[in-house]
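Observations on the model geometry
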Amino acid sequence: MTIYASSKDIALKASSWVNLGGKRRLGDAGSELTLFPDIPNINMVDASDVDTSLFQLRHAYHADSPTILRDIQSVFNGWSTERRGLSSLYHNLAWKLRSSGKALQEAVETIVR
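The structure contained in this document is the topic of the report that follows. If you're wondering where the values come from, they're calculated on a predicted model, not measured in any experiment. Every chain begins its residue count from 1, and numbering advances along the sequence as written. With the structure being a predicted model, the display of local features is reserved for residues of pLDDT at least 70 and the display and counting of side-chain atom pairs for 80 or more, all residues being used for whole-chain, interface and lining totals. Hydrogen atoms and water are omitted, and side-chain values are computed over all heavy atoms in the structure.

1. With respect to the overall build of the chain
Rule in force here: Strands are runs of DSSP state E lasting at least 2 residues, helices are runs of H or I lasting at least 4, and numbering of each runs from the N terminus. Throughout, exposure labels follow a simple rule: accessible area from a 1.4 Å probe, protein chains only, divided by the maximum for the residue type, with under 20% read as buried, over 50% as exposed, and the rest as partly exposed. Whether two residues are in contact is decided by their heavy atoms, any of which lying within 4.5 Å being enough. All accessible areas in this document rest on Shrake-Rupley with a 1.4 Å probe, and a residue is counted as covered only by the protein chains that are shown.
From N to C terminus, the chain includes four helices and four strands. The linear arrangement of helices and strands in the chain, starting from the amino end, is β-α-β-α-α-β-β-α. A buried classification covers 30% of the 113 residues belonging to the chain. Here the contacts in the chain between residues at least 6 apart in sequence split such that 56% fall between residues at least 24 apart. Accessible area for the chain stands at about 7,300 Å²; split by element, carbon and sulfur atoms hold 56% of it.

Structural data, given as structure tokens:
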């Protein structure tokens, strides 16, 4: 099971504030990312770096972002988190998905060095 989260999800932040007084919610990312250390079959993916600026509430990023849709396709193809190019967070308890632009920028910076 793969669960995507984003610290830029405005709808989730509003719901958390209105309904639970600011408590942490599944789908929050960054320091609020939910982890499942006892369930190795759950992959939490922090997609906060993926550009979702075109979408007003940034809540449908998982269905509208080409970067995330490619990652979902890779999950269905059975690719490992390493093969998908995800960075480890919290000693492989979660993963970081980078936007294509950010990954390309980092690759160029590495070559230039």
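2. Side note on the pairing of strand S2 (residues 43-46)
What counts is decided by this rule: Think of it this way: DSSP has to see at least two bridges between two strands before they count as a pair.
Both strand S1 (residues 2-5) and S2 contribute to a ladder of four bridges, which runs parallel. Opposite alanine 5, over in S2, you have aspartate 46 as the bridge partner. The pairing of S2 with strand S4 (residues 94-96) spans three bridges and is parallel. Within S4, the residue paired with aspartate 46 across the bridge is lysine 96.

3. Description of the nonpolar core
Generally speaking, soluble globular proteins have nonpolar side chains that are buried together. To be explicit about the condition: Residue types Ala, Val, Leu, Ile, Met, Phe, Trp, Tyr and Cys, when buried and joined through side-chain atoms within 4.5 Å, form a set referred to as a nonpolar core.
Tyr4, Val45, Ala47, Val50, Ile68, Leu86, Trp95 and Leu97 form the largest nonpolar core, which has eight residues in total. If you look at the next biggest cluster of nonpolar residues, it comprises seven residues, including Ile3, Ala29, Leu33 and Ala94.

4. A word on helix H3 (residues 66-76)
Note the cut-off: By construction, the arc corresponds to the directions joining the helix axis to the C-beta atoms.
Residues Thr67, Ile68, Asp71 and Ser74 constitute the buried set of H3. For H3, the angular spread of buried residues about the axis comes to 115°, placing them on one side. In H3, those exposed residues whose orientation departs by more than 90 degrees from the buried face are Pro66 and Phe76.

5. Section: the environment of serine 87
Counting through the fold element by element, serine 87 comes out in strand S3 (residues 87-89). Remark: the alpha-carbon pair of serine 87 and aspartate 46, spanning 41 residues in sequence, is separated by 9.7 Å. For serine 87, the residues in contact, after removing those within four places along its chain, are Ala94, Trp95, Lys96 and Arg98.

6. Focus: the sheet that holds S2
Operational definition: To obtain each axis, a line is fitted to C-alpha atoms, and for helices this fit is confined to the stretch in contact; angles are then taken between N-to-C directions over 0 to 180 degrees.
The sheet built from four strands is open, its strands ordered S1-S2-S4-S3 with mixed pairing. Looking at strand neighbours, the two that pair on one side only are S1 and S3, the edges of this open sheet. Taking each pair of neighbouring strands and ignoring which way they run, the sheet shows an average axis angle of 30°.

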